[in-house]
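Now for the letters of each chain:
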Amino acid sequence: MGKIKLDEIDHQILDMLIDNTRIPFTDIAKKLLISAGTVHVRVKKMEESGIIKGSSLMLDYKKLGYSFIAYVGVYLNNTSQTKFVLERINEIAYVTVAHITTGKFNIFCKIRAKSTEHAKEVIFLLDDIEGVYRTETMISLEESINDKKRLMHSIFKNL
């Protein structure tokens, strides 16, 4: 499938959906002075082309008691163990993101925990996975940038 062409209306629709995935198409239509049917057709086109992949809900983990964030670099005994280790990591609910990486670590994870004690328990679970040589942890002091729009706007400028 070729690259889909997006126009300014598509950009504005995406911009509003990134702010609020639950915004009614009628509200988008009113703001853009187009019909709700047009919004629906354009969103459907972007979904079918894979530009929009579902919608998500953002939780405030702090309010749920999970304010501790750490990043854990995982060293493996052998890279052939990557799939097995990732399957074990996937069983640990507090690991919210995991990437296979080049460089220093084989796998890089983001964990959420209730406290440093809880984070230690999660890190020990990672350490105990067969095939893990060792881990290295970095504690997040603050999430300073989490902007879903900047990259999108940069991409649109370069189209």
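Located above this text is the structure these notes cover.
Scoring rules and cut-offs
- Residues numbered from 1 in each chain as written.
- Predicted model: local features only at pLDDT ≥ 70, side-chain atom pairs only at ≥ 80, totals over all residues.
- Heavy atoms only, no water.
- Helix = DSSP H or I, 4+ residues; strand = E, 2+ residues; numbered from the N terminus.
- Contact = heavy atoms within 4.5 Å.
- Core = buried A, V, L, I, M, F, W, Y, C linked by side-chain atoms within 4.5 Å.
- Buried < 20%, exposed > 50% of the residue type's maximum accessible area, 1.4 Å probe, protein only.
- Axes fitted to C-alpha atoms, helices over the stretch in contact; angles between N-to-C directions.
- Parallel < 35°, antiparallel > 145°, perpendicular 65-115°, else oblique.
- Left-handed = near helix turned anticlockwise from the far one by under 90°.
- Nonpolar A, V, L, I, M, F, W, Y, C, P; charged D, E, K, R; others polar.

Overview of the environment of Leu126
Now for step 1: In this fold, Leu126 is placed in helix α5 (residues 116-127).
Now for step 2: As for Leu126 and Arg88, which are separated by 38 residues in sequence, their C-alpha atoms are 8.4 Å apart.
Now for step 3: Those residues in contact with Leu126, other than ones at most four positions away along the chain, are Val72, Ile89, Ile92, Val95, Ile111, Val132 and Thr135.

What to know about the nonpolar core
Now for step 1: With 19 residues, the main nonpolar core has Ile89, Val95, Ile111 and Leu126 as its most contacted residues.
Now for step 2: Contributing elements (two or more residues each) for this core: β1 (68-76), α4 (82-89), β3 (107-113) and α5.
Now for step 3: Counting residues per element, this core draws most heavily on β1, at five residues.
Now for step 4: Residue contacts for Val95: discarding those within four places in its chain leaves Ile89, Cys109, Lys110, Ile111, Val122 and Leu126.
Now for step 5: Within the second largest apolar cluster, 15 residues are counted, among which are Leu6, Leu17, Ala29 and Phe156.

Focus: the packing of helix α2 (residues 25-32) against helix α3 (residues 36-48)
Now for step 1: Two numbers describe how α2 lies on α3: the axes approach to 8 Å, and their chain directions differ by 110 degrees. Taken as axis vectors, α2 and α3 run roughly perpendicular relative to one another. The handedness of the crossing between α2 and α3 is right-handed. Mapping the contact onto sequence places Phe25, Thr26, Ile28 and Ala29 in α2 and Ala36, Val39, His40 and Val43 in α3.
Now for step 2: Looking at side-chain class alone, the contact of α2 with α3 contains six nonpolar, two polar and no charged residues.

Without other data, these values stay purely geometric and don't point to any function.
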